[in-house]
Amino acid sequence: MTIKIDHFALISPRANAADEGAIIRMSQRTRELRALGHDVVALTIGEPDFDTPLNIRDAAKDAMDKGFTHYSPVAGIPELREAIAEKLLVENGLNYRPSEIVLANGTKQAINNSVLSLIGPDDEVIILAPYWVSYEGSVKFAQGTPVVLRSNVEEGYKVPVARIAAAITAKTKLIILNSPCNPTGAVWTRAELEEIAVLVRAHPQLMVLSDEIYEYILFDGEMVSFGSLPGMLERTITLNGFSKGFAMTGWRLGYAAAPEPIAKAMGRMQSIISAGANQFVQRAAITALKGPRDDVEKMRVQYKARRDLVLKGLRAIDGVKIADIPGTFYAFPDVSAYLGKHAGNHLIETTDQLCDWLLEKHGVSIVPGTAFGAPGSVRLSFAASEMDLKKALTRIAQGLRELI
Ligand SMILES: Cc1ncc(COP(=O)(O)O)c(C=O)c1O
């Protein structure tokens, strides 16, 4: 007699708690509808629509041809760690040593390396909503407690520092900052970051994880690295990567820079999970950092034109509230005025339902704010062609107009 195995019962609580989330769900449904022949404009995924600059691709091919196809040191090749240390010093005012830099297979992994290195069962992590979806998952994965603080469109989607101060307890070990921010495009000013630095100085157990992956996609204001503020280098893990600014999402390369004991712990996490990042990708990344930046700038200029287009389009829709978008390629309009309305007989109570309806009936795929801890808003990625953006804006406006 064969015994029937219940494989679901075998899944660990940690794996059960890991949620793939709304972005994956919307993307999957978009693919299904397209396969059925529907015309769907997808503004779901946070990924540049440009190809990786040619000089970087050439550098990778060259590295492969030269035989850089073997395992790399776990924390990354020395030449790249040096190039990153130099970049962080020159561009960001951060004086990390190469030994304090740990490469990873994507910034996502660098985040997990950081969180796993610091956070355990009794630790609290302050996450500022709207937040990038993975932070909460990482903290839960490390069995820590996410403490989510919310902000709204009127606050420019930045949690006022007094609210952060009020949330700090003896168990708070980490605050996660992300400027420019996915999903809101908000950029924290030097003065605002200085206020957070005051809090950090007052709490010796506290570290800051500063995710700066969108630094090259900045339209207004100044890029300030948190670790460059007086006394903050030793209190900060700086995260960055090649996916967004250099249009290298599929290459999977990111890094964290941190005081050496933390960097060493991150290396141990990296070693357990995946070993060193891809060798020829690391060689190409040196070219990305040291080579000309014309393509990076060209992409930024195009994102800026699209930002203007999207802001104008969204501002023209009655009831939609939208803050300025000084950076990133995301718009995060507050559409809560449309919740509680009807699409025909169908009551739309949540942004999940609103996004499902816009996708199914109007052929535009965007992400509900629930994925980012902000249930009244939706995220559109404007890393898409002007034609698609215009089409999407028309469809969203039309869809919202139909709600009564
Ligand atoms: C804020 C933020 N941090 C990190 C990442 C991860 O980037 P990577 O592709 O390097 O893993 C993303 C990707 O969407 C992001 O939006």
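Bear in mind that the values here come from a model prediction, so they are computed numbers and not experimental data.

Participant: Can you help me understand the domain arrangement of the protein chain in this one?
Facilitator: The extent of an interface is frequently quoted as the accessible surface area lost upon association of the parts. Looking at the protein chain, the domain boundaries give domain 1 (7-51 + 295-402) and domain 2 (55-290). A separation of 25 Å is found between the C-alpha centroids of domain 1 and domain 2. Counting residues at the interface gives 34 residues for domain 1 and 32 residues for domain 2. Together domain 1 and domain 2 conceal approximately 2,700 Å² of surface at their shared face, both sides included; 61% is due to carbon and sulfur atoms.

Participant: Is there a simple way to explain the nonpolar core in this structure?
Facilitator: Across soluble globular proteins, nonpolar side chains show a tendency to be buried alongside one another. Residues Tyr-303, Leu-314, Ile-366 and Phe-382 are the most contacted members of the largest nonpolar core, which totals 46 residues. Only helix 3 (21-35), helix 12 (294-315), strand 9 (330-331), helix 13 (351-362), strand 14 (378-381) and helix 14 (386-402) provide two or more residues apiece to this core. Top element by residues in this core is helix 14. It accounts for 6 residues. Those residues in contact with Leu-314 that sit more than four places away from it in its chain are Val-320, Ile-322, Ala-331, Pro-333, Leu-380 and Leu-393. If you look at the next biggest cluster of nonpolar residues, it comprises 29 residues, including Leu-80, Phe-242, Ala-257 and Val-296.

Participant: I keep staring at the packing of aromatic side chains and nothing clicks. Help me out?
Facilitator: To describe a pair of aromatic rings, you give the distance between the ring centres and the angle between the ring planes. Summed over the entire model, instances satisfying the criterion amount to 11 aromatic pairs. Between the aromatic rings of Tyr-157 and Phe-332, the centroid separation amounts to 5.3 Å while the plane-to-plane angle is 65°, which identifies the pairing as edge-to-face. Pair noted here: Tyr-157 is in the loop between strand 4 (145-150) and helix 8 (161-167) and Phe-332 is in the loop between strand 9 and strand 10 (341-343), with a separation of 175 residues, a long-range link. A residue is classified by how much of its surface remains accessible, and Tyr-157, at 5% relative accessible area, is buried. Given a relative accessible area of 1%, Phe-332 falls into the buried group. Ring geometry for Tyr-214 against Tyr-330: centres 5.6 Å apart, planes inclined by 80°, an arrangement best described as edge-to-face.

Participant: Please explain the side chain of Arg-283 as it appears in this structure.
Facilitator: When you line up the elements, Arg-283 lands in helix 11 (residues 279-290). Within polar-contact distance, the side chain of Arg-283 engages the side chain of Gln-279 at 3.1 Å. When residues no more than four places from it in sequence are discounted, the contact partners of Arg-283 are Ala-63, Phe-68, Ile-77 and Glu-79.

Participant: Looking at this model, I keep getting lost on unusual backbone geometry. Mind explaining?
Facilitator: For residues that are not glycine, phi is negative in most cases, and the peptide bond is trans in most cases. The amide bond that connects Ser-179 to the next residue, Pro-180, takes the cis arrangement and shows omega of -10°. Summarising the element assignment, Pro-180 is placed in the loop between strand 5 (172-178) and helix 9 (190-202). Of note, the bond from Asn-182 into Pro-183 is cis; its omega dihedral lies within 30 degrees of zero at 25°. Among the secondary structure elements, Pro-183 is positioned in the loop between strand 5 and helix 9. One non-glycine residue, Ala-247, adopts positive backbone phi at about 50°. Positionally, Ala-247 belongs in the loop between strand 7 (236-241) and strand 8 (254-257). According to the relative accessible area criterion, Ala-247 is buried, its value standing at 5%.

The rules behind the values
- Residues numbered from 1 in each chain as written.
- Predicted model: local features only at pLDDT ≥ 70, side-chain atom pairs only at ≥ 80, totals over all residues.
- Heavy atoms only, no water.
- Domains from an automatic or database assignment.
- Contact = heavy atoms within 4.5 Å.
- Buried area = accessible area lost by both parts, 1.4 Å probe.
- Core = buried A, V, L, I, M, F, W, Y, C linked by side-chain atoms within 4.5 Å.
- Buried < 20%, exposed > 50% of the residue type's maximum accessible area, 1.4 Å probe, protein only.
- Helix = DSSP H or I, 4+ residues; strand = E, 2+ residues; numbered from the N terminus.
- Phe/Tyr/Trp six-rings, centres within 6.5 Å; stacked < 30°, edge-to-face > 60°.
- Polar contact = N/O pair within 3.5 Å; in protein donor to acceptor, adjacent residues only side chain to side chain.

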